[in-house]
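Chain residues, written in single-letter form:
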Amino acid sequence: MVLWTIMPMEILLSQEYQPNYEEIEYAGTKMLVEKTADNEYRIVRILSTDPRDYLRNDIQPGAVLSYEPI
C-alpha cells in the first residue's frame, strides 16, 4: 500500500489523537458526529438514504451543531 500525503509520518503514525465519534439523529437525519465541546458537535458524515438530506445546507459535513442529547 502506498500512502500519498503531505502530513509528516510522525503525525500519521502517532496514536495520540483518537477521535470520539457518535451516531446521533438531528432534525430527523441520522449522522456521525465528533464532540468538540459541551453540547457542540462537528458533523463527520451523513448516514441517510434520503438524497434530500445531502442537499441541506444546515447539516453538511464540517458544520458545527448545538445539540443536547436526550
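Note: the structure precedes this text.
Model, not experiment: these values are computed from the prediction.

**Student:** Looking at this structure, how should I read the pairing of strand β2 (residues 29–37)?
**Tutor:** On a regular strand, one side chain projects to one face of the sheet and the next to the other, so that they alternate. Note: strand β1 (residues 21–26) against β2, six bridges, orientation antiparallel. Each residue of the ladder has a partner; that of Ile24, found in β2, is Met31. Hairpin remark: β1 followed by β2, antiparallel, with two residues in the connecting loop; positive phi at Ala27, about 55°. The pairing of β2 with strand β3 (residues 40–46) spans six bridges and is antiparallel. From the neighbouring strand, Glu34 faces β3, where its bridge partner is Arg42. Counting the residues between successive antiparallel strands, the hairpin from β2 to β3 contains two residues, one of them, Asn39, with a positive phi of roughly 60°.

**Student:** Explanation requested: the pairing of β3 in the structure shown.
**Tutor:** Inspection of the sheet shows β3 paired to strand β4 (residues 64–66) by three bridges, in the antiparallel sense. Following the sheet pairing, Glu40 is matched in β4 by Ser66.

**Student:** I keep staring at the side chain of Glu34 and nothing clicks. Help me out?
**Tutor:** With respect to the secondary-structure elements, Glu34 resides in strand β2. Side-chain polar atoms of Glu34 contact the side chain of Arg42, separated by 2.5 Å.

Criteria and thresholds
Residues numbered from 1 in each chain as written. Predicted model: local features only at pLDDT ≥ 70, side-chain atom pairs only at ≥ 80, totals over all residues. Heavy atoms only, no water. Pairing = 2+ DSSP bridges. Helix = DSSP H or I, 4+ residues; strand = E, 2+ residues; numbered from the N terminus. Polar contact = N/O pair within 3.5 Å; in protein donor to acceptor, adjacent residues only side chain to side chain.

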